[in-house]
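# Reading the structure
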Amino acid sequence: MKVFEKQSNVFRILSEAVSEGIVVVNKDQIIVATNGSADEIFGYDTKELLGKSLNVLIPQKYHHSHKDHFEGFVTHSEKRNMGRGRDLFGVRKDGTEFPVEAGLNPFTIYDNDYVMALIIDITQRKEHEQKIKELNTQLEHKIEERTEELHHTIKELKEEVKLRQEAEAKMKESLKKERDLNELKTKFLSLVSHEFKTPLGGILTSATLIGKYTKEEQQLKRDKHLDTIKNKVKYLDNILNDFLSIERLETGKVNYKFSHFPLSKVINEVVYNANMLLKDGQRINYPIDIDDYMVEFDEKIIELVLSNLIHNAVKYSGENTVIDLQVSFENEMLAFRIIDQGIGIPEKEQQFIFKRYFRAENALLDQGTGIGLNIVKSHLENLGGSITFTSKEGQGSTFIVKIPIITNHGKQ
């Protein structure tokens, strides 16, 4: 310290020209010199710090670690920043702590080792850094909030787009159904008009001609026209029954009545009625070995199914052809096969054959409503049955009907 007293004027002149605080300590960490900036930073009067331990400028909690750092620095003395990578704090005379930045410079005078510390009060810098940090944090939070809002908005937009797409799809589907319904109505009206007009015209013609046959010997001609009228009326009655069947199926008003009856009874009746429709040379092969079978099912449904399929086979087959009706029992199912040698169904139209009012292109010239197969399929599915077919245009068709049924062999 005496060295600095002897050179006090020189040290004072040099140190006062420096804006940083200068504190010089000896190897025992005793303060031997300060400049005005250091005194002002730490709140001491001029020369008041001289002879005091460096610890008066260091917070109490750092005393122990600072001693080790200082001794290590003196041992490996080199010019460097103090507390590299760490926050440093000083303590003022009034006990308040504040952040500092310190650079250490070791030197030797007259074989005595000293350390000069250049100290800067960085309170304002830290406050600015803290403000910047807080602003950055606020900015990050705002960015997160905006990002979250953006994601939420995007999600809402996606949901809205999805809802609009669904609404458009539903609207398109509704329009399609409306077009299909209008087309179906048009087809239905055309079909009804055509199917009713032809037999009604035949009835009117026969009725008119009957009136002209007044003589007794003309009875055969009268009978012929009466049969024509009966057949036409029966045909119209069948069409009306089909339409009523559709209405009952759609409204769920179908009541099935199960009974115990001989299988041959239904088949005999169906084949008998079909025989009256046969063309020249046509015949129906009657199924074998069914006389002993009693079944429990809805008799009218079996009759309806078989009548529809056999009548179609007769109608769409030419003269001198055979319609084969086969019956078998397969895995507790009663199976019917109706095999014809008719016009067959075009391959491209087979997928539509059970649709209501559909008629294949090669069958448009024949009378028919296109609802019989649809009704048959609906009844069978309601009762756990099924209907399938194979067909080749120009070579005929085979329809296979399977019904879950209770059978009793050999009991009548």
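All values reported here derive from a predicted model rather than from experimental measurement.

## A short note on the overall build of the chain
Check the secondary structure of the chain and you find nine helices and 14 strands. The 412 residues of the chain split such that 35% are buried. For the chain, long-range pairs separated by at least 24 residues make up 61% of all intrachain contacts whose partners lie at least 6 apart in sequence.

## Examining the sheet that holds strand 12 (residues 386-392)
Sheet architecture is open: five strands sit in the order 8-10-11-13-12, paired in mixed fashion. For this open sheet the edge positions go to strand 8 (283-285) and strand 12, each flanked by a neighbour on one side alone. Recorded for the sheet is a direction-independent mean angle of 15 degrees between the axes of neighbouring strands. Bridge count between strand 11 (residues 333-339) and strand 13 (residues 396-404): seven bridges; the pairing is antiparallel. Directly across from Ile-339, in strand 13, lies its bridge partner Thr-398. Together, strand 8, strand 10 (322-330) and strand 11 form the strand contacts of helix 7 (residues 263-275), whose direction differs from that of strand 10 by roughly 165 degrees. Where helix 8 (residues 299-315) meets the sheet, its contacts fall on strand 8, strand 10, strand 11, strand 12 and strand 13, and the angle it forms with strand 11 comes to roughly 20 degrees.

## Here we look at unusual backbone geometry
The backbone of Tyr-110 shows a phi angle near 50 degrees, a positive value even though the residue is not glycine. Structurally, Tyr-110 can be placed in the loop between strand 5 (97-109) and strand 6 (112-121). Classification of Tyr-110 by relative accessible area gives exposed; the value is 63%. At Asp-111, a residue that is not glycine, the phi angle is positive and equals roughly 65 degrees. Along the chain, Asp-111 falls in the loop between strand 5 and strand 6. We classify Asp-111 as exposed; its relative accessible area is 74%.

## Looking at the pairing of strand 10
Note on strand geometry: in a regular strand, side chains alternate between the two faces of the sheet. By the bridge criterion, three bridges tie strand 8 to strand 10 in an arrangement that is parallel. Residue pairing in the sheet places Asn-285 in a bridge with Asp-324 of strand 10. When strand 10 meets strand 11, the two strands line up antiparallel, connected through seven bridges. Along strand 11, the bridge assignment pairs Phe-329 with Leu-334. Between strand 10 and strand 11, which follow one another and run antiparallel, lie two residues, and Asn-331 among them has a positive phi close to 50 degrees.

## Some thoughts on the packing of aromatic side chains
Evaluation of the coordinates by the stated rule reveals seven aromatic pairs. Aromatic side chains Phe-354 and Phe-389 sit 5.8 Å apart centroid to centroid with 65 degrees between the ring planes, which places their arrangement in the edge-to-face category. You can see Phe-354 sitting in the loop between strand 11 and helix 9 (372-382) and its partner Phe-389 sitting in strand 12, a full 35 residues away along the chain. By relative accessible area, Phe-354 is classed as buried at 15%. Measuring from centroid to centroid gives 5.3 Å for Phe-389 and Phe-399, while their planes differ by 25 degrees, and the two rings are stacked. Placement of the pair is Phe-389 in strand 12 and Phe-399 in strand 13, with a sequence separation of ten residues.

## Section: the pattern of salt bridges
Summed over all chains, the structure comprises eleven salt bridges. Across the pair Arg-92 and Asp-121 runs a salt bridge, and its minimum N-O distance is 3.4 Å. Of the two residues, Arg-92 sits in the loop between strand 4 (88-91) and strand 5 while Asp-121 sits in strand 6, which places them 29 residues apart along the sequence. On the basis of relative accessibility, which here comes to 24%, the residue Arg-92 falls in the partly exposed class.

Parameters and conventions
Residues numbered from 1 in each chain as written. Predicted model: local features only at pLDDT ≥ 70, side-chain atom pairs only at ≥ 80, totals over all residues. Heavy atoms only, no water. Helix = DSSP H or I, 4+ residues; strand = E, 2+ residues; numbered from the N terminus. Buried < 20%, exposed > 50% of the residue type's maximum accessible area, 1.4 Å probe, protein only. Contact = heavy atoms within 4.5 Å. Pairing = 2+ DSSP bridges. Axes fitted to C-alpha atoms, helices over the stretch in contact; angles between N-to-C directions. Phe/Tyr/Trp six-rings, centres within 6.5 Å; stacked < 30°, edge-to-face > 60°. Salt bridge = Lys/Arg side-chain N within 4 Å of Asp/Glu carboxyl O.

In short, shape yes, function no, at least from these values alone.
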